[in-house]
Amino acid sequence: MVQRSDDPVETAEVVMPADRLALVEEFGLAWTAGGAPRMEGRVIGYLLLSEAPHVSAGHLAEELRASAGSVSTTTRRLEEAGFIHRHAIPGDRRHHYRMEEDVWGSFLAGERKYLFRSARFAEDALDLVGPGDSPTNRRLQNMRDYFEWLAGYHRQMLTEWAEVKAKRDAGAKRSS
């Protein structure tokens, strides 16, 4: 989904302070622990720490000292995964990106699509190989059942996450 903005003030690029850029690099390194590319972590880290409402791809490349191609490839992957969103400004042909306040909860919700597709793949494969008690059938049944179970657990986690946020926000309002 592409968000739109008519506010020309929002097009100004904001230079990130050096201490935050250092944290961006740390986030990039931490991101690799999960097996993901460092550049993904750097882009996520930048958008996570940015005070700007959105950031252009060119500005990301400049601030992260990365190639335009690397930023383009990375932002496309992160957008597909639901970590970031494209933001359009009328008359500005550049791609701008932003991060939701609750990207992690949104990611959890979006991950359910992957779980559903994986379960359906296993179901289709079971239909193809036919009934039986072969090792293939058992592997596919385990795959289908695992992804269906995990999707159900995701629903529970999303409900619990909403409760945690509501409790946190209620506590913040009381202390204000």
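Rules used throughout
- Residues numbered from 1 in each chain as written.
- Predicted model: local features only at pLDDT ≥ 70, side-chain atom pairs only at ≥ 80, totals over all residues.
- Heavy atoms only, no water.
- Helix = DSSP H or I, 4+ residues; strand = E, 2+ residues; numbered from the N terminus.
- Rg over C-alpha atoms; globule rule 2.2 N^0.38 Å.
- Buried < 20%, exposed > 50% of the residue type's maximum accessible area, 1.4 Å probe, protein only.
- Lys, Arg positive; Asp, Glu negative; His and termini not counted.
- Charge placed at Lys NZ, Arg CZ, Asp CG, Glu CD.
- Patch = residues over 30% accessible without salt bridge, like charges linked within 9 Å, V, L, I, M, F, W, Y side chains within 5 Å.
- Areas by Shrake-Rupley, 256 points an atom, 1.4 Å probe, with all protein chains shown as cover.
- Salt bridge = Lys/Arg side-chain N within 4 Å of Asp/Glu carboxyl O.
- Expected span 1.5 Å × (residues − 1).
- Axes fitted to C-alpha atoms, helices over the stretch in contact; angles between N-to-C directions.
- Parallel < 35°, antiparallel > 145°, perpendicular 65-115°, else oblique.
- Contact = heavy atoms within 4.5 Å.
- Nonpolar A, V, L, I, M, F, W, Y, C, P; charged D, E, K, R; others polar.
- Core = buried A, V, L, I, M, F, W, Y, C linked by side-chain atoms within 4.5 Å.
- Phe/Tyr/Trp six-rings, centres within 6.5 Å; stacked < 30°, edge-to-face > 60°.
- Pairing = 2+ DSSP bridges.

Would you mind going over the overall build of the chain with me for this structure?
When its secondary structure is counted, the chain shows six helices and four strands. Helices and strands appear in the chain in the N-to-C order β-α-α-β-α-α-β-β-α-α. Taken over the C-alpha trace, the chain has a radius of gyration of 20 Å; the compact-globule value for 176 residues is 16 Å, which it surpasses by more than 25%. Dimensions of the chain along its principal axes, counting C-alpha atoms only, are 65 × 45 × 35 Å. Taken across its 176 residues, the chain has 34% of its residues classed as buried. If the 24 positive side-chain charges of the chain are averaged to one point and the 27 negative ones to another, these points end up 2 Å apart.

Even after reading the chapter, I still don't get a nonpolar patch on the surface, so can you show me in this structure?
Residues Y146, W149 and Y153 make up a contiguous nonpolar surface patch of roughly 360 Å² in combined accessible area. Relative to the assigned elements, W149 resides in helix α6 (residues 135–175).

Sorry, what's going on with helix α4 (residues 68–81) here?
The periodicity of an α-helix, 3.6 residues per turn, causes residues three or four positions apart to be oriented the same way. Taking 1.5 Å of rise per residue, 14 residues should cover 20 Å, and α4 covers 20 Å from first to last C-alpha, within 8% of that figure. With its phi angle positive at about 90°, G82 sits one or two positions after the end of α4.

Is there a simple way to explain the packing of helix α2 (residues 38–49) against helix α3 (residues 57–64) in this structure?
The angle between the axes and the distance between the axes are what describe a pair of packed helices. Where α2 contacts α3, the axes come no closer than 11 Å and their chain directions differ by 110°. Classified by the angle between their axes, α2 and α3 sit roughly perpendicular to one another. Residues M39, R42, V43 and Y46 of α2 pack against H59, L60, E63 and L64 of α3. Here the contact of α2 with α3 is built from residues that sort into five nonpolar, one polar and two charged.

So what exactly am I meant to see when it comes to the nonpolar core here?
What tends to happen in soluble globular proteins is that the nonpolar side chains get buried as a cluster. Of all hydrophobic cores here, the largest spans 22 residues; its most connected members are L60 and L64. Going through the elements one at a time, α1 (18–31), α2, α3 and α4 are the ones with two or more residues in this core. Counting residues per element, this core draws most heavily on α2, which supplies five residues. Not counting the four nearest positions on each side in its chain, L64 is found in contact with V24, M39, R42, V43 and Y46. L115, A119, F147 and A151 belong to the second-largest nonpolar core, a separate cluster that totals five residues.

Just checking my understanding: could you explain the packing of aromatic side chains for this structure?
In this description, a pair of aromatic rings is defined by centroid distance and the angle of the planes. One pass over the structure, following the stated rule, counts seven aromatic pairs. A centroid spacing of 6.1 Å and a plane angle of 5° characterise the contact between W149 and Y153, whose relative ring orientation is stacked. Placement of both W149 and Y153 in helix α6 is noted, with a separation of four residues, approximately one turn of the helix. The exposed category is assigned to W149, whose relative accessible area is 54%. What links up through ring pairs into an aromatic cluster is the set Y114, Y146, F147, W149 and Y153.

What am I meant to see in the pattern of salt bridges here?
Two side chains carrying opposite charge are able to pair once their charged atoms lie near each other. Under the defined criterion, the tally for this structure stands at 14 salt bridges. Put simply, R94 and E13 hold a salt bridge, and the shortest N to O gap is 3.4 Å. Here E13 lies in the loop between β1 (3–4) and α1 and R94 lies in strand β4 (residues 92–98), a separation of 81 residues in the sequence. Classification of E13 by relative accessible area gives partly exposed; the value is 28%. Put simply, E13, D92 and R94 are held in one network by salt bridges that share partners.

Whenever I open this one, the environment of Y114 confuses me. Can you help?
For Y114, the location among the structural elements is in helix α5 (residues 103–129). Sequence spacing of Y114 and T32 is 82 residues, and the spatial spacing of their C-alpha atoms is 21 Å.

When you look at the pairing of strand β3 (residues 85–89) in this model, what are you seeing that I'm missing?
For a regular strand, side-chain orientation follows a simple rule: the groups alternate between the two sheet faces. With four of five residues buried, β3 is to be regarded as a mostly interior element. Sheet topology places β3 next to β4; four bridges connect them, and they run antiparallel. Along β4, the bridge assignment pairs R86 with Y97. Once β3 ends, the chain turns through two residues before running back antiparallel as β4, passing G91 with a positive phi of about 85°.

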